[in-house]
Amino acid sequence: MARVALVTGGTRGIGAAISRSLKEAGYRVAANYAGNDEAANLFKDQTGIPVFKFDVSDAAACENGIKAVVDQLGPVDVLVNNAGITRDGMFHRMTFDQWSQVMRTNLDSMFTCTRPVIEGMRERGFGRIILISSVNGQKGQLGQANYSAAKAGVVGFAKSLALENANKGITVNVIAPGYIATEMVQAVPEEVLKTKILPLIPVGRLGEADEVARAVVFLAHDNAGFITGSTLTANGGQYMV
Ligand code: NDP
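Residues numbered from 1 in each chain as written. Predicted model: local features only at pLDDT ≥ 70, side-chain atom pairs only at ≥ 80, totals over all residues. Heavy atoms only, no water.

S.K.: Give a description of the overall build of the protein that names residues and reports values.
M.R.: Of the regular secondary structure elements, the protein holds nine helices and seven strands. Each principal axis of the C-alpha distribution contributes one length, and for the protein these read about 50 × 40 × 35 Å. Within the protein, the proportion of its 241 residues that are buried is 49%. The contacts of the protein with a sequence gap of at least 6 include a subset with a gap of at least 24, amounting to 69%. Working note: accessible area of the protein is about 11,500 Å², and carbon and sulfur atoms make up 54% of it. Taken together, the 23 basic and 22 acidic charged side chains of the protein have centroids lying 4 Å from each other. (Helix = DSSP H or I, 4+ residues; strand = E, 2+ residues; numbered from the N terminus. Buried < 20%, exposed > 50% of the residue type's maximum accessible area, 1.4 Å probe, protein only. Contact = heavy atoms within 4.5 Å. Areas by Shrake-Rupley, 256 points an atom, 1.4 Å probe, with all protein chains shown as cover. Lys, Arg positive; Asp, Glu negative; His and termini not counted. Charge placed at Lys NZ, Arg CZ, Asp CG, Glu CD.)

S.K.: Tell me about the packing of helix α1 (residues 13–24) against helix α9 (residues 209–220), and please be specific about residues and values.
M.R.: Where α1 meets α9, the closest approach of the two axes is 8 Å, and the angle between their N-to-C directions is 50°. Of the possible angle classes, the one that applies to α1 and α9 is oblique. Relative to α9, α1 is oriented so that their crossing is right-handed. Contact residues: α1 offers Gly13, Ile14, Ala17, Ile18, Ser21 and Leu22, while α9 offers Ala209, Asp210, Val212, Ala213, Val216, Val217 and Ala220. In the contact of α1 with α9, the residues fall into ten nonpolar, two polar and one charged. (Axes fitted to C-alpha atoms, helices over the stretch in contact; angles between N-to-C directions. Parallel < 35°, antiparallel > 145°, perpendicular 65-115°, else oblique. Left-handed = near helix turned anticlockwise from the far one by under 90°. Nonpolar A, V, L, I, M, F, W, Y, C, P; charged D, E, K, R; others polar.)

S.K.: Break down α1 for me, with residues and values.
M.R.: For α1, with twelve residues, the first-to-last C-alpha span of 17 Å sits near the 16 Å given by 1.5 Å per residue. For α1, the full list of buried residues reads Ile14, Gly15, Ala16, Ala17, Ile18, Ser19, Ser21 and Leu22. Those residues of α1 that are buried lie in contact with β1 (4–7), β2 (28–33), α2 (37–47), β4 (78–81), β5 (127–132) and α9. At the C-terminal side of α1, Gly26 shows a positive phi close to 105°. (Expected span 1.5 Å × (residues − 1).)

S.K.: With reference to specific residues and values, describe the side chain of Asn82.
M.R.: Relative to the helices and strands, Asn82 is located in the loop between β4 and α4 (96–124). Judged by relative accessible area, Asn82 falls into the buried class, the value being 11%. Discounting chain neighbours no more than four positions away, the residues touching Asn82 are Val7, Thr8, Gly9, Ile14, Gly15, Ile18 and Ile132.

In short, the description is geometric, and any link to function would need to be established separately.
Next up, the structure:
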């Protein structure tokens, strides 16, 4: 039986590319989203991938949402915690609401989405947990104290979870993308992109969502069992760790 993969924020941007690539690789995929029904239904019609609406920052909603995934597709073997948001602003002007929205969606979601699947993975002796961080969690970024803090927190979470589950057939790895051409980045004014962002990327272009998706497929593979607790950068050479 094909393995089951759940991709949070799996209906748009990087997540949609991950969902598609995992499906092409033979997984039975569930794509989660928050509220954009139009995008989710279009994605479902185009790909045939079932979509599940629940807010990753809400623990009870995740428990129910993931139960619905398991009821429809079976236990989750591969979890991709991809859903994320930005609420940018210089810290001296940042509101607590901007801070906590990002913390809840980008960091609390590590708990809310992983906790419901981890015990089953341990019992079955197999799991792949792949967390989408960001280059800005590694190097910091003006106007993103909230986002950088949450994305750096993801890395610490991954390392502890990797240690706790290493002898249970479960790997936990992080992918830290640089600038990828999705709506999140396309919202940046073209002039800023040309003069401020592209010059920072040695490869000389934005990344493609498919390039992140292929890294997810690699880490999800049954044969990737010796890779755990690692952070794979996909940033065109912008930042090397
Ligand atoms: P998009 O904004 O294009 O897509 C975000 C997806 O996440 C959507 O499916 C959205 O659902 C979903 N989502 C947002 N909030 C929630 C929530 N509370 N609960 C459930 N789903 C939610 O994002 P990207 O593809 O650009 O980013 C994906 C990930 O990659 C994020 O974690 C981001 O931080 C990270 N990243 C992105 C980079 C980039 O250059 N784009 C660079 C580095 C990291 P809905 O459609 O319903 O809103």
